[in-house]
Amino acid sequence: MKVGFFHSAKDWCVDFVADFKAGVAAHGDTIEAVGLDSPFKPGWDAACILGIGYISTWDRVQAAPVPMCYLDKGYTRTGDYFYTSIGGYRPVHYVGKWGKPSDRRKKFGWEPPHWRKPTPDGHILIAGSSLKFHEFHRLGHPEEWRDNLVREIRKYTKRRIKYRPKPNQPLGDVWFDLNGDWKADVRRPLEADLTNCHVCITHGSSVALDALLAGVPGIVLGTAITRPISSDMIESVEGPELALMEDRLKLLNDLGYCQWSLAEYRSGAAWEHIRPELVKLI
């Protein structure tokens, strides 16, 4: 198999591609690494994209007549794991349906507790995403998206709202909505935002997974990884979906097989699982 690999010129991207290429070569396949501006080349059997780059790259690969694998930073928040998604930006179209064993889930310590019992003073947490993410998904500016979402939420509940922006966003530290009834501080620990949280609402933040692992239900409006077991409408804010423990574990089992360490990419252990999924789509 010959695979085209689109990536930026950042040092960490170049290093990752070198590790990925070694693992692919261990299975007799080859990687042709190209920049994000590069055209799709005839003769490739599959294509990979590393991280959010140009939307034009994404559109170009999506339109190509070969299967695609998207890779980005993993859900461990440790920097040494990267997730893979076959045929989409996030693997929400197959996690929970894949039927993977529990070994990797347990390795990551993903043991979801029972859902928290709702309390009258429980707040709503909005988990924001980066400006680059919003540009990539054509969502408009994060602050505009946030304000529109708050207005929509206010149609259905008077609960206090906390907004948690992407920590690396240069948007300042504190925001207030039109009524001055919520604020956000990027320096606040995530655990504090999830304490007494009624529901976590997001488009694509990985905070959705943290919420699940804290027993907090979610409303996912886009590609956040818990979408298959979450509500997807603001109207359900007072009574969000509470997925069965069996379904939560199935999702987490499958997610464990969607992220791999740098060592696993380098050795070819990751490619051993990624390759068959791409072959199915050729």
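Residues numbered from 1 in each chain as written. Predicted model: local features only at pLDDT ≥ 70, side-chain atom pairs only at ≥ 80, totals over all residues. Heavy atoms only, no water.

1. Here we look at the nonpolar core
Turning to step 1, where the next piece is worked out: Formed by 56 residues in total, the largest nonpolar core has its most connected members in Phe5, Phe20, Leu71, Tyr265 and Ile274.
Turning to step 2, where the next piece is worked out: Leave out the neighbours within four places in its chain, and phenylalanine 5 touches Phe16, Val17, Phe20, Ile31, Glu32, Ala33, Val34, Cys48, Leu50 and Leu71.
Turning to step 3, where the next piece is worked out: Counting 13 residues, the second largest nonpolar core, distinct from the first, contains Val150, Ile153, Ile219 and Ile234. (Core = buried A, V, L, I, M, F, W, Y, C linked by side-chain atoms within 4.5 Å. Buried < 20%, exposed > 50% of the residue type's maximum accessible area, 1.4 Å probe, protein only. Contact = heavy atoms within 4.5 Å.)

2. What to know about the sheet that holds strand β3 (residues 46-50)
Turning to step 1, where the next piece is worked out: Judged by pairing direction, the sheet is mixed, and its six strands sit side by side in the order β2-β1-β3-β4-β5-β10 without closing on themselves. Two strands lie at the open edges of the sheet, namely β2 (30-35) and β10 (259-261), each paired on one side alone. Each strand axis lies, on average, 25° off the axis of its neighbour in the sheet, ignoring direction.
Turning to step 2, where the next piece is worked out: Where strand β4 (residues 68-73) meets strand β5 (residues 81-86), five bridges bridge the pair, whose relative direction is antiparallel. When the sheet's bridge partners are listed, aspartate 72 is paired in β5 with tyrosine 83. (Pairing = 2+ DSSP bridges. Helix = DSSP H or I, 4+ residues; strand = E, 2+ residues; numbered from the N terminus. Axes fitted to C-alpha atoms, helices over the stretch in contact; angles between N-to-C directions.)

3. Some thoughts on the environment of alanine 214
Turning to step 1, where the next piece is worked out: Mapping alanine 214 onto the fold places it in the loop between α7 (207-213) and β9 (218-220).
Turning to step 2, where the next piece is worked out: A sequence separation of 96 residues divides alanine 214 from proline 118, and the C-alpha atoms of the two residues are 13 Å apart.

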